[in-house]
Amino acid sequence: AQSVAQPEDQVNVAEGNPLTVKCTYSVSGNPYLFWYVQYPNRGLQFLLKYITGDNLVKGSYGFEAEFNKSQTSFHLKKPSALVSDSALYFCAVRDIEGYSTLTFGKGTMLLVSP
Amino acid sequence: GAGVSQTPSNKVTEKGKYVELRCDPISGHTALYWYRQSLGQGPEFLIYFQGTGAADDSGLPNDRFFAVRPEGSVSTLKIQRTERGDSAVYLCASSPALQPGELFFGEGSRLTVL
């Protein structure tokens, strides 16, 4: 079985400050890891993914994430937050071997204050 | 269109009624997924199609739920004898076959069972 944990229901940060949204995962094999963002009344939008290669991956809107195999983590980061980054963020995992669907975490609400 | 299209965007029905939700995936995408997102939760997997066949339907909650994809493109999620607990946003996603990348999501169909 595969699973994702997002330990924070909400993250608050001031505009211009760095942000981190945490994610840990569990898979039986090696993972493919993803971050999605969801704005109110909208579908999920893809931000970035880790498939293989460099542990630091860069994605849309200045976001990046670091894959840490020993800690089974894939935290989302951004050096300088914008008010427009306020949204619901989901981490997702897919096992490389066998299982073909994405399993999502419960989401973390990011609130960036002016 | 260029993206995944879902209809209707909103559906209100009465307990016990039958409902159909439609998904039109991105052209050329052979994999199609249905997820359900309840308030405050992450998307939960329902069923996955590869072409016309359901490759994995382990997420369907009970036999009131059924999905088809007769020609390998458009899919319909069917819910019989709806219950209030079926109220949620039903998300459809598609992806090209045999690649480990992201899923492309539609904006969802919000189902409310009164």
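All values reported here derive from a predicted model rather than from experimental measurement.

### Description of the overall build of chain A
So, step 1. When you go through chain A residue by residue, the secondary structure sums to 0 helices and 12 strands.
So, step 2. For chain A, the sequential pattern of α-helices and β-strands runs β-β-β-β-β-β-β-β-β-β-β-β.
So, step 3. Relative to the compact-globule value of 13 Å for 114 residues, chain A shows a C-alpha radius of gyration of 14 Å, a close match.
So, step 4. Expressed along its principal axes, the backbone C-alpha trace of chain A runs to roughly 45 × 30 × 20 Å.
So, step 5. Sorting the 114 residues of chain A into buried and exposed places 46% on the buried side.
So, step 6. For chain A, the proportion of contacts with a sequence separation of at least 24, taken over those separated by at least 6, is 57%.
So, step 7. When the accessible surface of chain A is totalled, it reaches about 5,400 Å², and 50% of it is carbon and sulfur.
So, step 8. Separation of charge centres in chain A, based on 9 positive and 9 negative side chains, amounts to 3 Å.

### Overview of the nonpolar core
So, step 1. Ranked by internal contacts, the top residues of the largest apolar core, which has 27 residues, are A:Trp35, A:Leu47, A:Leu48, A:Phe74, A:Leu76 and A:Tyr89.
So, step 2. For this core, the elements supplying multiple residues, two or more each, are β2 (10-14), β3 (19-21), β5 (31-38), β6 (44-50), β8 (64-68), β9 (73-78), β10 (87-95) and β12 (108-113) of chain A.
So, step 3. For this core, the leading source of residues is β10(A), giving 4 residues.
So, step 4. When residues no more than four places from it in sequence are discounted, the contact partners of A:Tyr89 are A:Gln6, A:Trp35, A:Tyr36, A:Val37, A:Leu47, A:Phe63, A:Leu76, A:Gly107, A:Thr108 and A:Leu110.
So, step 5. One finds B:Val4, B:Trp34, B:Ala88 and B:Cys92 within the second-largest nonpolar core, a separate group that totals 20 residues.

### Describing the state of the cysteines
So, step 1. Scanning the model with the defined rule gives 2 disulfides over all chains in all.
So, step 2. Residue A:Cys23 pairs covalently with A:Cys91 via a disulfide, S to S 2.0 Å. Residues A:Cys23 and A:Cys91 share a disulfide whose torsion about the S-S bond is about -60 degrees; that sign makes it left-handed. A residue pair is termed long-range when its members are at least 10 positions apart, and A:Cys23 in the loop between β3 and β4 (24-26) and A:Cys91 in strand β10 qualify at 68 residues. Like A:Cys23, the residue A:Cys91 is buried in the burial classification.
So, step 3. Two residues share a disulfide in this structure: B:Cys23 and B:Cys92, whose sulfurs sit 1.8 Å from each other. What sets the handedness of the B:Cys23 and B:Cys92 disulfide is the S-S torsion sign, and at about -70 degrees it is left-handed. Taken together, the positions of B:Cys23 in strand β3 (residues 19-24) and B:Cys92 in strand β9 (residues 88-95) put the pair 69 residues apart, joining distant regions of the chain. B:Cys92 carries the same exposure label as B:Cys23, and that label is buried.

About the thresholds
Residues numbered from 1 in each chain as written. Chains lettered and ligands numbered in written order. Predicted model: local features only at pLDDT ≥ 70, side-chain atom pairs only at ≥ 80, totals over all residues. Heavy atoms only, no water. Helix = DSSP H or I, 4+ residues; strand = E, 2+ residues; numbered from the N terminus. Rg over C-alpha atoms; globule rule 2.2 N^0.38 Å. Buried < 20%, exposed > 50% of the residue type's maximum accessible area, 1.4 Å probe, protein only. Contact = heavy atoms within 4.5 Å. Areas by Shrake-Rupley, 256 points an atom, 1.4 Å probe, with all protein chains shown as cover. Lys, Arg positive; Asp, Glu negative; His and termini not counted. Charge placed at Lys NZ, Arg CZ, Asp CG, Glu CD. Core = buried A, V, L, I, M, F, W, Y, C linked by side-chain atoms within 4.5 Å. Disulfide = S-S within 2.5 Å.

None of this, on its own, says anything about what the molecule does.
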